[in-house]
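The chain contents come next:
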Amino acid sequence: SRKGTRLASASADKTLRVWMVSTGELVASLVGHEKGCSDCAWSSDGRYLASASDDKNLHYWDVDPTSQFFGQTLRIFSGHTSHVFCCALNHPANNILASGSCDETVRLWDVQ
């Protein structure tokens, strides 16, 4: 997270994991992609996490432990025709998600 309290990892096992930096404790395992995950990006407020995957999709997750939707995918962004290998959220607004894909395109998505 931007505050440095949590760390997110993207994995070939199709999951994302959120860890507490201070203790190494696993806070959440995020499951929803159909193929391996290659990248993830925090929102500036640390409440959301975007993920890129070989399944050609991006997921937008709620990772706010105080939210009733904690650990759930809030939106799925599809449109790439090949693996999505990177993603980023604009800061501080967090309203645009950028993605790069092996289909040789960069896409901008409206998160709102």
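A few points on the structure. (Residues numbered from 1 in each chain as written. Predicted model: local features only at pLDDT ≥ 70, side-chain atom pairs only at ≥ 80, totals over all residues. Heavy atoms only, no water.)

**Re the sheet that holds strand 3 (residues 26-31)**
Item 1. Taken in spatial order, the three strands of this open sheet run 1-2-3, and their pairing is antiparallel. Edge strands, defined here as strands with exactly one partner in the open sheet, are strand 1 (6-10) and strand 3. Going across the sheet, the axis of each strand differs from the next one's by a mean of 15°, ignoring polarity.
Item 2. Pairing of strand 2 (residues 15-20) with strand 3, which is carried by five bridges, proceeds in the antiparallel orientation. Bridge pairing in strand 3 places Arg17 opposite Ser29. (Pairing = 2+ DSSP bridges. Helix = DSSP H or I, 4+ residues; strand = E, 2+ residues; numbered from the N terminus. Axes fitted to C-alpha atoms, helices over the stretch in contact; angles between N-to-C directions.)

**Topic: the pattern of salt bridges**
Item 1. Enumeration according to the criterion identifies two salt bridges in this entry.
Item 2. Here Asp13 and Arg17 are joined by a salt bridge, their closest N and O atoms 3.2 Å apart.
Item 3. Using a relative accessible area of 40% as the deciding quantity, one classes Asp13 as partly exposed.
Item 4. You can call Arg17 partly exposed: its relative accessible area is 23%.
Item 5. Across the salt bridge formed by Arg47 and Asp64, the nearest N and O atoms sit 3.5 Å from each other. In this pair, Arg47 sits in the loop between strand 4 (37-42) and strand 5 (48-53) while Asp64 sits in the loop between strand 6 (57-62) and strand 7 (73-78), placing the two residues 17 residues apart along the sequence.
Item 6. According to the relative accessible area criterion, Asp64 is buried, its value standing at 15%. (Salt bridge = Lys/Arg side-chain N within 4 Å of Asp/Glu carboxyl O. Buried < 20%, exposed > 50% of the residue type's maximum accessible area, 1.4 Å probe, protein only.)

**Looking at the nonpolar core**
Item 1. Counting residues in hydrophobic clusters, the biggest one holds 13 residues, and the most contacted among them are Leu58, Tyr60, Phe77, Cys87 and Leu97.
Item 2. By size, the runner-up hydrophobic cluster in this structure holds 11 residues, among which are Leu30, Cys40, Trp61 and Val63. (Core = buried A, V, L, I, M, F, W, Y, C linked by side-chain atoms within 4.5 Å.)

Take it as geometry only, folks, not as evidence of what the structure does.
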